[in-house]
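Chains, contacts and geometry: an overview
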Amino acid sequence: QVQLVESGGGLVQAGGSLRLSCAASGRTLSTFVMGWFRQAPGKEREFVAAITWTIGRTYYADSVKGRFTISRDNAKNTVYLQMNSLKPEDTAVYYCAADPVGFHIRTTPAQYDYWGQGTQVTVSS
């Protein structure tokens, strides 16, 4: 089992920045892919970014490329999502997720076995 706890959400003006954190516990994550997803009201959950725990390879959705950065701290068992140049359309609940099949990055929510409770990000115009 893996437990994931997100933090760092909040209200920010357009153009601002936020950093989300995801603290993981329960088992070693060395073979995992860690991902961030988001879900806006009335919309499906969508992929945002992911990182392989071992070598730190990353992948981003086109909508956030160049604005968001995913990273991990192995010593703290924590994954981060630095979000810059935020837009109102980034408003959503952001979820951290873990995929134990870590050979390559996958972007479908159903492929991730473990999820955090989510943290709200609201970007005002």
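Structural data are supplied above this passage.
Here goes a summary of the coordinates provided. (Residues numbered from 1 in each chain as written. Predicted model: local features only at pLDDT ≥ 70, side-chain atom pairs only at ≥ 80, totals over all residues. Heavy atoms only, no water.)

Comments concerning the sheet that holds strand 8 (residues 78–83)
Sheet architecture is open: four strands sit in the order 1-3-8-7, paired in antiparallel fashion. The outermost strands of the open sheet, each flanked by one partner alone, are strand 1 (3–7) and strand 7 (68–73). Pairwise comparison of adjacent strand axes, ignoring direction, gives a mean angle of 15° for this sheet. Sheet topology note: the strand 1/strand 3 (residues 18–25) ladder contains five bridges and is antiparallel. Residue pairing in the sheet places Leu4 in a bridge with Ala24 of strand 3. (Pairing = 2+ DSSP bridges. Helix = DSSP H or I, 4+ residues; strand = E, 2+ residues; numbered from the N terminus. Axes fitted to C-alpha atoms, helices over the stretch in contact; angles between N-to-C directions.)

Notes on the state of the cysteines
In total, this model carries one disulfide according to the counting rule given. One disulfide bridge connects Cys22 with Cys96, the sulfur atoms lying 2.0 Å from each other. The chirality of the disulfide connecting Cys22 with Cys96 is left-handed, given an S-S dihedral of about -75°. Here Cys96 lies in strand 9 (residues 92–99) and Cys22 lies in strand 3, a separation of 74 residues in the sequence. Relative accessible area serves as the criterion here: at 0%, Cys96 is assigned to the buried category. (Disulfide = S-S within 2.5 Å. Buried < 20%, exposed > 50% of the residue type's maximum accessible area, 1.4 Å probe, protein only.)

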